[in-house]
Amino acid sequence: MPIDDIHSFISELEKNGELKRVKVQVDSELEIAEIMRREMYSNGPAILFEDVKGYDMPILGNAFGSMKRLEIGLEMEDFTEIGQRIVDMTKMDIPSGFLNKIKKLPELSKMTAAFPKAETSGPVTEITLQEDKASFDDLPILKSWPKDAGRFITLGLTATKHPETGVRNLGVYRMQIIDKNHASMHWQKHKRGAHHGDISKDRGEKIPTAIIIGGDPATIFSSIAPVPEGLDKYLFAGITRKEGIKTVKCKTIDLDVPANAEIVLEGYVDPADIRDEGPFGDHTGYYTPVEPYPTFTLTGIMRRKNPIYVTTVVGKPILEDAYIGKVIEQSFLPLIRMFHPEVIDFSMPAAGWFQGFAIISIKKRYPGQAKKVMMGLWGMGQLSLTKMFVVVDEDINVHDINDVIWAITTRADAARDTIIINNTPTDTLDPASPLVNLGSKMGIDATQKTSEEGYQREIQEQVKADEETKKIVDSKWPSYGL
């Protein structure tokens, strides 16, 4: 039975010694963020702040700040299972003929079970507030850094649907509170929510938008994961948890939202209402500057009677978002292999804030293959924003940065094996790009070169211990007293 909501997740975390409760009064203005950062940097537990100054709502932070907590929340240890389920579904043929139908029944059953299930009510519909009573002021929204422009929602799941196809999306975009009914929507140009907003703008329409606070861990993970274009995020959540999520209709807008959420903020984003947003201390470790973004207008709130406000803080790595990034890295490996079968493993080190740097190992069979893989990955969804790729051979552990540095320094020649591509899309948050959203890419081919690639020397032999000596040492090891 999957974990259905934040309350049951908290129970599981506590049962496993992964959560601590702070009972003294704390302030949502800077204090809570500083506590959370200290715990995150020291690999501390999830924290439930039970007494938040000025509010009757507890705050949950650092809930996903370790691989163990993600294993508990997603109820799996091998996160490649998630991507493999998608790959398996894409390989399914529509059954034709009685025999084929019988053979495909288990697979069809699994797919059907993952679809969302519409309900008439749920925990999140216990209290509903219309526009005149709905206010951001009732939520313990954090101010995280001293020079932040104000309070920011940092772990709200932003729900929209494609204005033409109806495919639903969930994304995590920060929101700066402007007043009790308005907030800036920081959906960056390359994000799917922004794409939905642009389509609505072209149609001269405002886009219905809901902000979901809390929910089951699989849905929260799904909102962050860069799923393939056209895949409904609610279905992806069901694929992740092996059981479809329950949804309910919003009261003031035409959107479905998870029935087990803590809070849902209903409203719309007006592409014509543009206001300055920022600065904000971001996961690059820098304040992002003031920039214009569209405005979200609050039209209603649905919430539980006793909701928990779920949040996170970001800053210079490594913080909570790093662990979610590692799960994304592992879960999408099967999808990368589907398009690039030579790929053995894939890593996006947390210190590179995931969009900055990636390492790929391949089983090399022909000259130029490393560059072929780089070009292919730069054409895959959000990987188009990654600015540095290093490609290594299959004998290199991509998760061991020392092994990777060894490969770069012994198998790559700076002039021959480094490629630079100018005028390419970059992450909006990249503090180094010459222009916002436009910069360059670098690729390093750290695979062993062949004569076809211009390597004219004899390939040097790696030093390795002989098997006979290893066996002798293995057998005598206890006697060494080491």
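Quick caveat: nothing in here was measured; it's all calculated off a predicted structure.

Colleague: Would you mind going over helix 3 (residues 67-74) in detail, with residue names and values included?
Modeller: Looking at helix 3, one finds that the buried residues are Arg 69, Leu 70, Ile 72, Gly 73 and Leu 74. In this structure, the buried side of helix 3 is in contact with helix 1 (6-15), strand 2 (46-49), helix 7 (217-224), helix 8 (233-241) and helix 9 (320-331). Taken from the residues just after helix 3, Glu 75 is the one with a positive phi, measuring 55 degrees.

Colleague: Explain the side chain of His 186 to me, using residue names and the numbers behind them.
Modeller: Tracing the chain through its elements places His 186 in the loop between strand 10 (182-185) and helix 6 (192-202). Separated by 3.3 Å, the side chains of His 186 and Tyr 293 make a polar contact. For His 186, the contacting residues outside a window of four places in its chain are Tyr 173, Arg 174, Glu 277, Tyr 293 and Leu 429.

Colleague: Could you give an account of helix 8, with specific residues and numbers?
Modeller: An α-helix turns once every 3.6 residues. As a result, residues three or four positions apart point the same way. Within helix 8, nine of the nine residues are buried, which leaves the element mostly enclosed by the surrounding structure. Taken together, the buried positions of helix 8 are Lys 233, Tyr 234, Leu 235, Phe 236, Ala 237, Gly 238, Ile 239, Thr 240 and Arg 241. For helix 8, the N-terminal capping position is held by Asp 232, with its side-chain oxygen 2.8 Å away from the main-chain nitrogen of Tyr 234. Positioned one or two residues after helix 8, Lys 242 has a phi angle of 65 degrees, which is positive.

Colleague: Break down unusual backbone geometry for me, with residues and values.
Modeller: As a rule of thumb, non-glycine residues mostly have phi less than zero, and peptide bonds are mostly trans rather than cis. Cis peptide bonds are those with omega within 30 degrees of zero, and the linkage from Gly 278 to Pro 279 qualifies with 5 degrees. Note on placement: Pro 279 falls in the loop between strand 14 (263-277) and strand 15 (280-281). That bond from Pro 317 to Ile 318 is cis: its omega, 15 degrees, falls within 30 degrees of zero. Mapped onto the elements, Ile 318 comes out in the loop between strand 18 (309-310) and helix 9.

Colleague: So what about the side chain of Asp 216? Which residues, and what values?
Modeller: Tracing the sequence through the fold places Asp 216 in the loop between strand 11 (207-213) and helix 7. Reaching out from Asp 216, the side chain makes a polar contact with the side chain of Thr 219 at a distance of 2.6 Å. A polar side-chain atom of Asp 216 sits 3.3 Å from a polar atom in the side chain of Arg 241. The contacts of Asp 216, once residues within four sequence positions are left out, are Ile 3, Asp 4, Asp 5, Arg 241 and Ile 245.

Colleague: Tell me about the sheet that holds strand 13 (residues 256-258), and name the residues and values.
Modeller: A sheet is described by the order of its strands in space; here three strands give the open sequence 4-12-13, paired in mixed fashion. In this open sheet, the two strands that pair with only one neighbour each are strand 4 (117-118) and strand 13. In this structure, strand 4 lies alongside strand 12 (residues 246-249), joined through two bridges in parallel fashion. Each residue of the ladder has a partner; that of Ala 118, found in strand 12, is Thr 247.

Colleague: Could you give an account of the sheet that holds strand 22 (residues 418-425), with specific residues and numbers?
Modeller: In spatial order, the strands read 19-20-21-23-22; together these five strands make up an open sheet with mixed pairing. The open sheet has two edge strands, strand 19 (343-347) and strand 22, and neither has a second partner. If you compare each strand with its neighbour and ignore which way they point, the axes differ by 20 degrees on average. As paired strands, strand 19 and strand 20 (residues 358-362) are joined by four bridges and run antiparallel to one another. In the strand pairing of strand 20, Phe 346 is matched with Ile 360. Strands strand 20, strand 21 (388-393) and strand 23 (438-446) of the sheet are contacted by helix 12 (residues 401-411), whose axis makes an angle of about 80 degrees with strand 23.

Each value, and the rule that gives it
Residues numbered from 1 in each chain as written. Predicted model: local features only at pLDDT ≥ 70, side-chain atom pairs only at ≥ 80, totals over all residues. Heavy atoms only, no water. Buried < 20%, exposed > 50% of the residue type's maximum accessible area, 1.4 Å probe, protein only. Helix = DSSP H or I, 4+ residues; strand = E, 2+ residues; numbered from the N terminus. Contact = heavy atoms within 4.5 Å. Polar contact = N/O pair within 3.5 Å; in protein donor to acceptor, adjacent residues only side chain to side chain. Pairing = 2+ DSSP bridges. Axes fitted to C-alpha atoms, helices over the stretch in contact; angles between N-to-C directions.

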